[in-house]
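Summary of the model geometry
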Amino acid sequence: MAARGHVQDPNDRRLRPIYDYLDNGNNKMAIQQADKLLKKHKDLHCAKVLKAIGLQRTGKQDEAFALAQEVTTLEPTDDNSLQALTILYREMHRPELVTKLYEAAVKKVPLSEEYHSHLFMAYARVGEYKKMQQAGMALYKIVPKNPYYFWSVMSLVMQAISAKDEKLAQTMFLPLAERMVEKMVKEEKIEAEAEVQLYFMILERLGKCEEALEVIRGPLGEKLTSELQSRERKCMMLYTRLERWPECNALAQKLLLKNPDDWQFYPSYFDSLFHLMDQSWSPPEEGEHCSEGSVHHTVAEVVRFVEERIKMEDEKDSRSLRGPYLARLELMHRLRERGYPEENLPGEPLDLMVQFFRKFGDKPCCITDLKIYLHLLTPDQHVQFINRLSEVVPLGEQGEEGFTFPEDTKSLQRHLCVCQLSRALGLHHSLDVSGKLRLITELKAHYHHGLKFGSTALKTELQFSDMYCLMAAHVYIDLWTETGDEDMVWQCLGLLEEGLSHSSSNAQFKLLLLLLYCRLGSFEPVVDLYSSLDAKHIQHDTIGFLLTRYAESLGQFSAASQSCNFSLRFFHSNQKDTSEYIIQAYKYGAFEKIPEFIALRNRLNQSLHFAQVRTERMLLDLFLEADIVLSLEESVKAMSLSSEEDDIPWDSLRDNRDLAVFTNWDPKERQLTDEHRTQSLEEESAWLRIRSLTLRLLASLTASGHTPAQQNSEMSNENGVGDRSSLFRSLLSQLNQTLHTAAQIAEKHIQYPLLGPPSTRLASALSIGSCQCQAAALQLSVHLQELESAGLDESSELQTQICNIFKSLVVQLQEILNKCKGDLLEMKESKLKTQPTLLENLVFFLETVSIVLWSASYCAKILRPLKTSLQKKKKKKKDANAALPLVVCGFQELTGSLQDLLTQAVEHIRGQESAITALKLASLTLEGCSQEEASFTKAATDKVQGSYLRSLQEVGDLLKKRAETIKNLKI
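Counting from 1, residues in each chain are numbered in the order their sequence is written. Only residues with pLDDT of 70 or above have their local features reported here, since the model is predicted, and side-chain atom pairs are shown and tallied only from 80 upward, although totals for entire chains, interfaces and linings are computed over all residues. Heavy atoms from the whole structure form the basis of all side-chain values; hydrogens and water molecules are not counted.

On to the overall build of the protein. A run of H or I in DSSP counts as a helix once it spans at least four residues, and a run of E counts as a strand once it spans at least two, with each numbered from the N terminus. Within the protein, the secondary structure is distributed over 41 helices and two strands. Its C-alpha atoms put the protein at 120 × 85 × 60 Å along the principal axes. Accessible area is worked out with a 1.4 Å probe on protein chains only. A residue is then buried under 20% of its type maximum, exposed over 50%, and partly exposed in between. Counting across all 971 residues of the protein, residues that qualify as buried make up 54%. All accessible areas in this document rest on Shrake-Rupley with a 1.4 Å probe, and a residue is counted as covered only by the protein chains that are shown. Just so you have it, the protein exposes about 44,200 Å², and 50% of that area is on carbon and sulfur atoms.

The following block contains the structure:
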C-alpha cells in the first residue's frame, strides 16, 4: 500500500506499522495498532481511516463507514488521509464519495496541482464528464501543460458520446471541442501524437472528412508514428467515406506494391474497382489520374496487377507470401458474385486452388485459407479436387494397418489439410456407416502414427497429429446423431480422453469433452475441464454459457454455485477495472481508447450471460437455503432482492456468446446459420424472462406476507399492501403472457447443430409441466388474499376454488414425478444406455415442489389467524362440534400429499443410486477397440457413473431437507 521510507514526517513513521499489517492481510493487528496510536494522538486522522480499512476488510462495514465519515466531515487536506480514504471508498464501491473528498481539499488548497489532478480522476471514475471538463480547465489555468488542456477537450467529446440528444452533440459539444483544438493548432502548441489523434476523432465524429484528410496529409499527420501505416489507413478510411474511389484505388495499389502480403488493402482495392466500373469512370486525358497516382479501373488491369505480384513471389528465392495468391481467389469470388463475364480471367478455380495447396499446403492456415473459396468449385469437381491434392501429398510405405503414413511433419500437415478439405466438401458426411467406421480407423491410425513427431514436445505444446484425433471424434458424433448408437459417443469420449493424455493443453479436446459430458447429463468432470481451460477475462462472458447452462439443471448444486461465481466475479470486477483503464488512458493520452473502454463496459453490463447468471444464482440460493437455512423472507432480504425493480436491460440485451468456439470443418449447409443465432437468442431471452419473473414473484410473495391485510381498503393502501397485491398480480399476468409466448417458441422444435448453441431448458420445462405448476402455485396467494378479505364465514365458493387448486397442484406434481421415473443409466446386452432427461426432470420436480411449499407456507400464514378467530367465535357461541372450514381441511390434505410425494421421490432416488452403483461397467464391450482405447473409454464411463451418483445424492439431500420444512406448515 505504501513504501514510504523516503518521507521524514514523524506521522509517517508512526503509521508505517499499520500500513504493513494491512499490506500483509493482518487486519485485526492493524485495528489494534491504530487504536494504540489514537490513544496518544487523537487528531491523527489517517490512523482513523486506516482503522476503518481494517474494519471494512473484517466485514464490519457499518463501523468502517461511520469512522470514515467522521474524518470526511473534517475535510482533511493531508495526503495520507486523502489517499487512505480513496482506497477505503473504492473498496466500499462508493467512488462518488471520493469526489466530495477532493472537492473540499481543492477549496482549501486551490493551487495544488496534485489535488486538482486527483479530483479530475475521481470524476472520471464516476463518469461526471461536465465536471471533468471544468476540472481539466481549472488544472490548465494553474499549470499550463498541454495534457491538462486536452483532458478538458476529451471530456467534451465524452459529453457528446454520452449525450442522449445527438443534435446537442453535433451542434454544441463537438464544435466547442473542435474550436478548442483549433486554438492550439493556430498557436502552434500541438506537441504530441495523442493530441492529433484527438483532433482527428473530433473531425471524424463531426463528419468533416475533408478537413480530417487535410490534417492527416499535412504536417500534423507526421506526428502519427506509434502505429505502422497509421496515416495511410486513416486516409483509406476517409477516401472510402468520401467515396473518392480513384484515390482509394491508387493508394491501395501503392501500399500493395510496398507490401503485397498486407491483406487489409486488397478488399479496398477490389471494392474501389467495382465502384469505378459502376460509375463508368475513365481517367483524364492529361496529367495524373488522381492525387494519389495512377488508377486501375478495368478487371484486366487489376488481374494483371495481381498476376505481377504472384510472378514476383514465384521468382523469389525465399518463401512465397500468401497474400497475392489469396487475392486472386478473392477477385474471382467477387467477379462471380457480381456475375461479371470476366470471372474466369484469373484462371480455373480448381487449378488455382491446387496451385495454392502446392505452395502452402504444409502450413496449418492452408485449410482456413481455402475453405472460404470452396464454393467456387462445382459439386462434380469435389472428388477430382481431393484426388489432385492427394497426388501432391508425399506418403511413405504402407504400415501394418494397410495405410500409408507421412514421413515428416510437413507431409503430415499436407495430408491433414486434404482430410479437412474432404470433410468441408461433405465427402465424410456422404459415407455410409461402414464407410465412416473405416474412416475413423484411418484417422486414428494417422493420429497414433503422428505422435512420434511430438515425442519430445513440452507438456504445454500440442501434438502435430491432434487434428486427426479431433476429426475422428467429429465422425463418431456424426454416427451418434445419425444412428442413435450410444457406443459411438462412449468411444468418442475415450478417444478424446486419450488425446488429452498426450496433449494436455489442447483446448478443442477439452471443449468437446465438456460438451459431450454435459449432453450425457454428467456435470462432475466438466468443472475440472473448464477450470483447466483457464478462461481469461472476457472469455467468462463468451464461453461461460457452456458451463452455466448445465450446472444446476444436472443437479450439481455446489458446482453450479461455483460456476456462477466464476462468471459473476468477472462481471463485478469489470465495473471497477474499467474506471481504472479510463484513468490510465487519460494519464497516457490514449484518448481514442476511452470510448472503446466505455463501450466494453456497456457491452458487459448488457450481456445476456450476465443477466442469466445473476438470475440463476439468486434462484439457486433460494432453492438451496430458503426455509432451510434462513426463512424465505430473510433469504430475499439478504440478497437485496426487489420485486419492484427489474434490473435486466431487456431492450439492449447483447448476446456475447462465442458460438464458433468449436473447430468445425462441416460443409456450409450443416453449419450454424444466422437464423439459428436469432432463434437461440429469442429462446434464451424467453427463458430468462420466465426465470426473472419467477424470482420477482417469490420476492413479492414475501413482501405480501409481511402485513396482514386490513378490512378497510383505505388502510390497506396506507400500509402498502394494496400496492404489493397489484404488483403481484401484474407480475403474475406477465408470467402467464411469457409462458404463452414460450409455448409458441417450443412448438417450433428448433434443432441446433451439435456444435452450435445448447438449447435452453424452456421446451423441457413446458413439456413436463413445471412452469405451469409453478405459475398455478404462485396464483394461490391471490386467492388467499381474497379469502383473507372475505373471512371464512362468507366464502364457501372461494374455499372450494382454493381446494380445487390444492388438488390440482398435487396431481401436477405427481405427473412431473412420474416423468422422472426410469433408469438414468442401464446396461443392456453389454451396451450402456443413458437417459439424462430424467435427471433434468428430477431437478424440475425439486424446483417446482420448492415453489409449491413456499406458496403453502404463505397460505399457512394467512389461514392460521383466520382459523384462530373462527375458533374464538365458536367458543363464544359454544358451538364446539362444528366441522373445520373446507379450506383448512383442503390445506391439511395438501401438506399430507406433499409429504407423500417427497417420500416417493426420495425412495426413487435411493433405488436409482443402488441400481447405478450395482452396474458392472467393466463388462461393457465396445467393438473394434484396442485395450488401451478401452481403458480410456472405461475412465470416461466411470466419470459419468460417478457424476450421476453425485447428482442424485445432492438432489436427494435437498428433497429430504424440503420434506423437513413440511412440519412448519401445520395450522
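Right, picking up where we left off after that structure.
This paragraph deals with the packing of helix α22 (residues 433-450) against helix α24 (residues 486-502). The interhelical angle for the contact between α22 and α24, taken along N-to-C directions, is 10°, at an axis separation of 13 Å. Put simply, α22 runs roughly parallel to α24. Contacts between α22 and α24 involve Leu-437, Lys-444, Tyr-447 and His-448 from the former and Met-488, Leu-495, Glu-498, Gly-499 and His-502 from the latter. Three residue categories are used. Nonpolar comprises Ala, Val, Leu, Ile, Met, Phe, Trp, Tyr, Cys and Pro, charged comprises Asp, Glu, Lys and Arg, and polar comprises the others, including Gly. Per-class residue counts for the contact of α22 with α24 are four nonpolar, three polar and two charged. Whenever a helix is involved, its axis is fitted only over the stretch in contact; in every case the axis is a line through C-alpha atoms, and angles between N-to-C directions fall within 0 to 180 degrees. The labels follow the angle: roughly parallel below 35 degrees, roughly antiparallel above 145, roughly perpendicular from 65 to 115, and oblique for the rest. The contact criterion used is simple: two residues touch if any of their non-hydrogen atoms lie within 4.5 Å.

The backbone of His-537 shows a phi angle near 45°, a positive value even though the residue is not glycine. Looking at where His-537 falls in the secondary structure, it is placed in the loop between α26 (524-533) and α27 (539-542). Classification of His-537 by relative accessible area gives partly exposed; the value is 36%. One non-glycine residue, Asp-627, lies in positive phi territory at about 70°. By secondary structure assignment, the location of Asp-627 is in the loop between α31 (608-625) and α32 (632-638).

With that settled, consider the pairing of strand β1 (residues 825-828). Pairing of β1 with strand β2 (residues 831-834), which is carried by four bridges, proceeds in the antiparallel orientation. Its bridge partner lying in β2, Glu-826 is registered against Lys-833. Criterion used throughout: strands pair if DSSP finds at least two bridges between them. What sits between the antiparallel neighbours β1 and β2 is a turn of two residues, in which Glu-829 has the positive phi angle 50°.

Here we take up helix α29 (residues 557-588). The first and last C-alpha atoms of α29 sit 46 Å apart over 32 residues, in line with the 46 Å expected at 1.5 Å per residue. In the structure, α29 departs most strongly from a straight axis at Asn-574, where the bend amounts to approximately 35°. Multiplying one less than the number of residues by 1.5 Å gives the expected span of a helix. We define the bend at any residue as the angle between the axes fitted to the seven residues before and including it, ending there, and the seven starting there.

A word on the packing of helix α21 (residues 409-424) against helix α23 (residues 466-483). In contact at an axis separation of 10 Å, α21 and α23 are set at 20° when each is read in the N-to-C sense. Compared by their axis directions, α21 and α23 come out roughly parallel. The element α21 and its partner α23 pack so that their crossing is left-handed. Across the interface between the two elements, Leu-412, His-415, Leu-416, Cys-419, Gln-420 and Arg-423 of α21 pack against Met-467, Tyr-468, Met-471, His-474, Val-475 and Asp-478 of α23. A breakdown of the residues in the contact of α21 with α23 according to their chemical character gives seven nonpolar, three polar and two charged. Less than a right angle of anticlockwise turn of the near helix away from the far helix marks a crossing as left-handed, whereas a clockwise turn marks it as right-handed.

Take the nonpolar core next. Nonpolar core, defined: a set of buried Ala, Val, Leu, Ile, Met, Phe, Trp, Tyr and Cys residues in which side-chain atoms within 4.5 Å join the residues together. By size, the foremost hydrophobic cluster in this structure holds 306 residues, and its most contacted members are Phe-385, Tyr-586 and Phe-845. A per-element tally of this core places helix α39 (residues 836-877) first, with 20 residues. Ignoring sequence-local partners within four residues, the contact set of Tyr-586 consists of Phe-120, Met-121, Met-132, Trp-151, Met-154, Ser-155, Met-158, Phe-591 and Ile-594. Grouped together as the second largest cluster of nonpolar side chains are seven residues, Cys-564, Phe-571, Leu-604 and Phe-610 included.

Let's shift gears to the packing of aromatic side chains. Centres within 6.5 Å are what make two rings of Phe, Tyr or Trp a pair, Trp counting through its six-membered ring; a difference in plane orientation under 30 degrees is then read as stacked, over 60 as edge-to-face, and the rest as tilted. Here the structure, examined in full by the defined rule, presents 21 aromatic pairs. Seen from their ring centres, Tyr-586 and Phe-591 are 6.3 Å apart, and the 70° between their planes marks the pair as edge-to-face. Residue Tyr-586 is classed as buried on the basis of its relative accessible area of 2%. With a relative accessible area of 3%, Phe-591 lands in the buried category. Put simply, the rings of Phe-120, Tyr-148, Trp-151, Tyr-586 and Phe-591 pair up and form one aromatic cluster.

Looking now at the pattern of salt bridges. Side-chain pairing between opposite charges can occur once the charged atoms of the two side chains come close. Put simply, a salt bridge is a Lys or Arg side-chain nitrogen that is within 4 Å of an Asp or Glu carboxyl oxygen. Going through the model one piece at a time under the given rule, you end up with 51 salt bridges. With a shortest N-O distance of 3.1 Å, Lys-48 and Glu-70 are connected by a salt bridge. Taken as a pair, Lys-48 in helix α3 (residues 45-57) and Glu-70 in helix α4 (residues 61-73) lie far apart in primary sequence, 22 residues in all. Of the charged contacts in the structure, one is a salt bridge between Arg-696 and Asp-646, with a shortest N-O distance of 3.6 Å. Taken together, the positions of Arg-696 in helix α33 (residues 674-704) and Asp-646 in the loop between α32 and α33 put the pair 50 residues apart, joining distant regions of the chain. Owing to a relative accessible area of 33%, Asp-646 belongs among the partly exposed residues under this scheme. The network of salt bridges with common partners includes Glu-552, Glu-616, Arg-691, Arg-761 and Glu-847.

Relative to the helices and strands, Ser-272 resides in helix α15 (residues 265-278). Given a relative accessible area of 0%, Ser-272 falls into the buried group. Under this definition, polar contacts are N or O atom pairs within 3.5 Å; protein pairs additionally need one hydrogen-donor-capable and one acceptor-capable atom, and for neighbouring residues in sequence, both atoms have to be side-chain atoms. A distance of 2.7 Å separates the side chain of Ser-272 from the backbone oxygen of Tyr-269, its partner in a polar contact. With residues near it in sequence (within four places) discarded, Ser-272 still touches Trp-245, Cys-248 and Asn-249.

Scored by pLDDT, the protein has a mean of 90; 95% of the residues are at 70 or more. Values of pLDDT, the confidence the predictor places in each residue, fall between 0 and 100. Low pLDDT, under 50, characterises residues 705-720; the predicted model gives this stretch 19 contacts beyond four residues in sequence or across chains.

Let's shift gears to the environment of Met-121. Its location among the elements puts Met-121 in helix α7 (residues 113-126). Judged by its relative accessible area of 6%, Met-121 falls in the buried class. Distance in space between the C-alpha atoms of Met-121 and Met-137 is 14 Å, their sequence separation being 16 residues. The contacts of Met-121, once residues within four sequence positions are left out, are Trp-151, Ile-583, Tyr-586 and Lys-587.

A few words on helix α17 (residues 323-338). The first and last C-alpha atoms of α17 sit 22 Å apart over 16 residues, in line with the 22 Å expected at 1.5 Å per residue. Counting buried positions over the 16 residues of α17 gives 13, a clear majority of the element. Just downstream of α17 lies Gly-339, where phi reads positive at about 70°.

The next subject is the state of the cysteines. By convention in this document, the label disulfide applies to cysteine sulfur atom pairs within 2.5 Å. Following the criterion strictly, the structure yields zero disulfides and no others. Between Cys-564, a cysteine without a disulfide, and Cys-518, which holds the nearest cysteine sulfur, the sulfur-to-sulfur distance is 13 Å. We classify Cys-564 as buried; its relative accessible area is 5%.

A few words on the side chain of Ser-781. Considering the arrangement of structural elements, one finds Ser-781 in helix α37 (residues 770-790). For Ser-781, the contacting residues outside a window of four places in its chain are Leu-701, Phe-728 and Tyr-858.

As for its placement among the helices and strands, Leu-514 is situated in helix α25 (residues 507-519). Residue Leu-514 is classed as buried on the basis of its relative accessible area of 0%. Put simply, Leu-514 and Ile-594 are 80 residues apart on the chain and 37 Å apart in space, counted from C-alpha to C-alpha. When sequence neighbours within four positions are dropped, the list of residues in contact with Leu-514 reads Val-526, Leu-529, Tyr-530, Leu-533 and Leu-546.

Let us now look at the environment of Asn-387. You can see Asn-387 is positioned in helix α20 (residues 382-392). In sequence terms Asn-387 and Ala-765 are 378 residues apart; their C-alpha atoms lie 50 Å from each other.

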